[in-house]
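# A closer look at the structure
Below are the chains, spelled out letter by letter.
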Amino acid sequence: MPPTHLLADILSTPTRESLLRAIDDALSVEVGAADVDRIRRIIPEHFLPATTELIDIVLGTRKASKLGKAHPGWWYTVKGAEQATHPVIAADHARRFIGCKHVVEVCTGVGMDTFALAGVAERITTFESDAVTAALAIGNIRAADLGNVEVRHESFDGTSVLPVFDGMWADPSRRRADGKRASGAKEYSPLLETLDEVGKRHPDAKVGIKCGPGDTLPLDLLTKYASEFIGFGSECRERVLWKNTGVPDFSVSLPALNRQWVPKSITEPLPIPVADDDLLAEPHAAIIASGSVGEFFREHRLRPIHPLIAYGVGRRSDIDVPSLREWADVFDVIRVDNGISIRRIQQNLRDLRWNNRTEFKKRGWNGEPEELRRQLTFSSSNNIGAVIIARTETGHLTLYCKRTA
């Protein structure tokens with residue numbers, strides 16, 4: 001019997017726990033050939049063909065714990081742990097469906113969004129095409145004692161037989177056949193157009209579709225949905241297309257901090273040069289991904305140093321610095337140097353007595369900051385600065401800055 005069928009038979013049942021726990025106890029932190037041989041000696045003979053897959057599940061569960069994605073009694077593949085929605089973000093998705101009687105979920109994964117949705121909607125029907133992943137999800141849902149979820153191990157397409165629903169959440173696969181990350185919606189599975197067509201069958205249903213923040217999406221589809229850009233830590237994790245949820249278009253959310261920023265318009269102000277004693281701000285990656293940097297700068301009385309560069313500058317006296325720092329890294333500009341010169345950078349580092357913890361950042365320059373760092377020497381002082389290289393309409397600037405206190 002193929003390993004996939006063997007795994008599906010056990011992973012969806014409570015008996016999986018003892019087998020996977022035994023493997024976890026026997027595996028080293030760094031898995032080697034000896035570990036594989038040891039595992040093969042402790043698992044039942046009929047599971048030997050699935051040894052690699054079983055080890056992957058144990059390692060995936062360890063990874064989920066490191067990533068802050070673990071639920072008690074849940075198991076994950078390595079791929080599933082990496083691709084699973086963080087619980088904080090899943091809860092933010094789910095709140096859009098509060099009050100729904102029946103939510104259809106497309107692409108269950110290990111069940112992270114399913115778990116959150118089950119807490120706000122009366123009933124969830126979720127589709128997962130991969131046999132091992134579906135079995136893990138069934139077992140995870142059982143471990144969480146969620147009685148309002150049905151996991152259907154089948155592919156989802158425009159012909160899928162669906163009950164009446166008033167909510168649809170979709171996290172389509174964004175991986176190509178070779179395992180590499182897709183860069184455009186044409187490589188999604190199912191396609192966005194398919195999901196849109198299914199949503200049309202219930203025009204008043206709340207719909208959310210998770211996309212890559214930088215992926216190329218069909219323009220005709222974007223006119224029908226509001227885009228929300230979700231940041232977590234310093235990253236923009238995802239772009240969600242929403243319909244019938246009241247989410248403002250091009251809004252930016254930081255769920256872990258309970259923050260939302262909504263642009264008032266998307267027009268771009270004209271750039272002007274940077275001056276000594278300016279403040280320089282680099283917006284959160286989610287705001288940059290949203291395409292509304294210009295409006296963000298305007299709201300905070302900042303000016304872009306270039307129309308295509310996400311650095312904004314302004315006078316400290318004009319800016320609400322605490323408010324700005326909620327959404328951006330903010331620096332005091334100490335010196336401004338035209339061009340990029342290793343000799344002048346080195347001289348400024350000596351003058352300012354900055355140590356080797358000094359940051360190097362860049363936008364609009366093809367060079368590598370760490371390569372530049374390796375060519376420089378630093379002071380042994382406690383002074384830490386930031387060297388920022390940025391393109392303007394008249395060339396590059398090297399800015400010497402300090403993070404605002």
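This structure is a prediction, so every number in the text was calculated from the model and none was measured. (Residues numbered from 1 in each chain as written. Predicted model: local features only at pLDDT ≥ 70, side-chain atom pairs only at ≥ 80, totals over all residues. Heavy atoms only, no water.)

Right, let's get into the sheet that holds strand E7 (residues 235-243). With mixed pairing, 9 strands are arranged side by side in an open sheet as E3-E2-E1-E4-E5-E7-E6-E8-E9. Single-partner strands in this sheet number two, and they are strand E3 (149-152) and strand E9 (259-261). The sheet shows a mean angle of 20 degrees between the axes of neighbouring strands, taken without regard to direction. Strand direction decides the pairing type here: strand E5 (residues 206-211) and E7, joined by 5 bridges, are antiparallel. Bridged to Gly208 within E7 is Trp242. Sheet strands touched by helix H6 (residues 87-94): strand E4 (167-170), strand E6 (226-232) and E7. Its angle to E6, the strand with the most contacts, is close to 155 degrees. The strands touched by helix H9 (residues 192-200) within the sheet are strand E1 (102-106), E4, E5 and E7, with E4 carrying the most contacts at an inclination of about 170 degrees. (Pairing = 2+ DSSP bridges. Helix = DSSP H or I, 4+ residues; strand = E, 2+ residues; numbered from the N terminus. Axes fitted to C-alpha atoms, helices over the stretch in contact; angles between N-to-C directions. Contact = heavy atoms within 4.5 Å.)

Among the secondary structure elements, Pro255 is positioned in the loop between strand E8 (251-254) and E9. We classify Pro255 as buried; its relative accessible area is 17%. (Buried < 20%, exposed > 50% of the residue type's maximum accessible area, 1.4 Å probe, protein only.)

Now for the pattern of salt bridges. Scanning the entire structure with this criterion turns up 28 salt bridges. Residues Glu238 and Lys210 are paired through a salt bridge, measuring 3.4 Å at the closest nitrogen-oxygen approach. A residue pair is termed long-range when its members are at least 10 positions apart, and Glu238 in strand E7 and Lys210 in strand E5 qualify at 28 residues. Just as Glu238 is buried, Lys210 falls in that class too. One network of salt bridges, with partners in common, ties together Glu17, Arg21, Asp24 and Arg62. (Salt bridge = Lys/Arg side-chain N within 4 Å of Asp/Glu carboxyl O.)

With that out of the way, let us pick up the sheet that holds strand E10 (residues 278-283). Read across the sheet, 7 strands follow the order E11-E12-E10-E13-E16-E15-E14 without closing on themselves; strand pairing throughout is mixed. The open sheet has two edge strands, strand E11 (303-306) and strand E14 (359-363), and neither has a second partner. Each strand of the sheet is rotated relative to its neighbour by a mean of 40 degrees, with strand direction disregarded. Pairing analysis gives 7 bridges linking strand E15 (residues 386-392) to strand E16 (residues 395-403), with the strands arranged antiparallel. Pairing of Ile389 across the sheet is with Thr398, part of E16. Across the face of the sheet, helix H14 (residues 342-352) comes into contact with strand E13 (328-338), E15 and E16 while running at roughly 115 degrees to E13.

Bringing the pairing of E7 into the picture now. Both faces of the sheet carry side chains from a regular strand, because those side chains alternate between them. With respect to burial, E7 is a largely interior element, 7 of its 9 residues being buried. Pairing of E6 with E7, which is carried by 7 bridges, proceeds in the antiparallel orientation. Along E7, the bridge assignment pairs Glu228 with Val240. Following E6, the chain reverses through 2 residues before pairing antiparallel with E7; Gly233 in that reversal takes a positive phi of roughly 65 degrees.

Overall, the coordinates contain 0 disulfides when judged by the stated rule. The thiol of Cys100 is unpaired, and the distance to the nearest cysteine sulfur, on Cys107, comes to 19 Å. (Disulfide = S-S within 2.5 Å.)

Turning to the packing of aromatic side chains, a few remarks are in order. For the structure on display, the rule yields 10 aromatic pairs. Residues Phe229 and Phe250 carry aromatic rings whose centres are separated by 6.3 Å and whose planes lie at 20 degrees to one another, so their mutual orientation is stacked. Pair noted here: Phe229 is in strand E6 and Phe250 is in the loop between E7 and E8, with a separation of 21 residues, a long-range link. On the basis of relative accessible area, Phe229 is assigned to the buried category, the value being 1%. Residue classification places Phe250 among the partly exposed residues on the basis of a relative accessible area of 25%. (Phe/Tyr/Trp six-rings, centres within 6.5 Å; stacked < 30°, edge-to-face > 60°.)

This part covers the side chain of Asn348. Note on placement: Asn348 falls in helix H14. Among the polar contacts made by the side chain of Asn348, one reaches the side chain of Tyr400 at a distance of 3.3 Å. Discounting residues that sit within four places of it in the chain, Asn348 has contacts with Arg335, Asp337 and Tyr400. (Polar contact = N/O pair within 3.5 Å; in protein donor to acceptor, adjacent residues only side chain to side chain.)

Further remarks concern the pairing of E5. Within E5, 5 of the 6 residues are buried, leaving the element largely enclosed by the surrounding structure. Strand direction decides the pairing type here: E4 and E5, joined by 4 bridges, are parallel. Residue Trp169 lies in a different strand from E5, and its bridge partner there is Gly208.

Turning to the packing of helix H2 (residues 16-26) against helix H4 (residues 51-66), a few remarks are in order. Relative to each other, H2 and H4 sit at 75 degrees, their axes nearing to 10 Å. Relative to H4, the element H2 lies roughly perpendicular. Along the contact surface, H2 presents Leu19, Leu20, Ile23 and Asp24, while H4 presents Leu54, Ile57, Val58 and Arg62. Per-class residue counts for the contact of H2 with H4 are 6 nonpolar, no polar and 2 charged. (Parallel < 35°, antiparallel > 145°, perpendicular 65-115°, else oblique. Nonpolar A, V, L, I, M, F, W, Y, C, P; charged D, E, K, R; others polar.)

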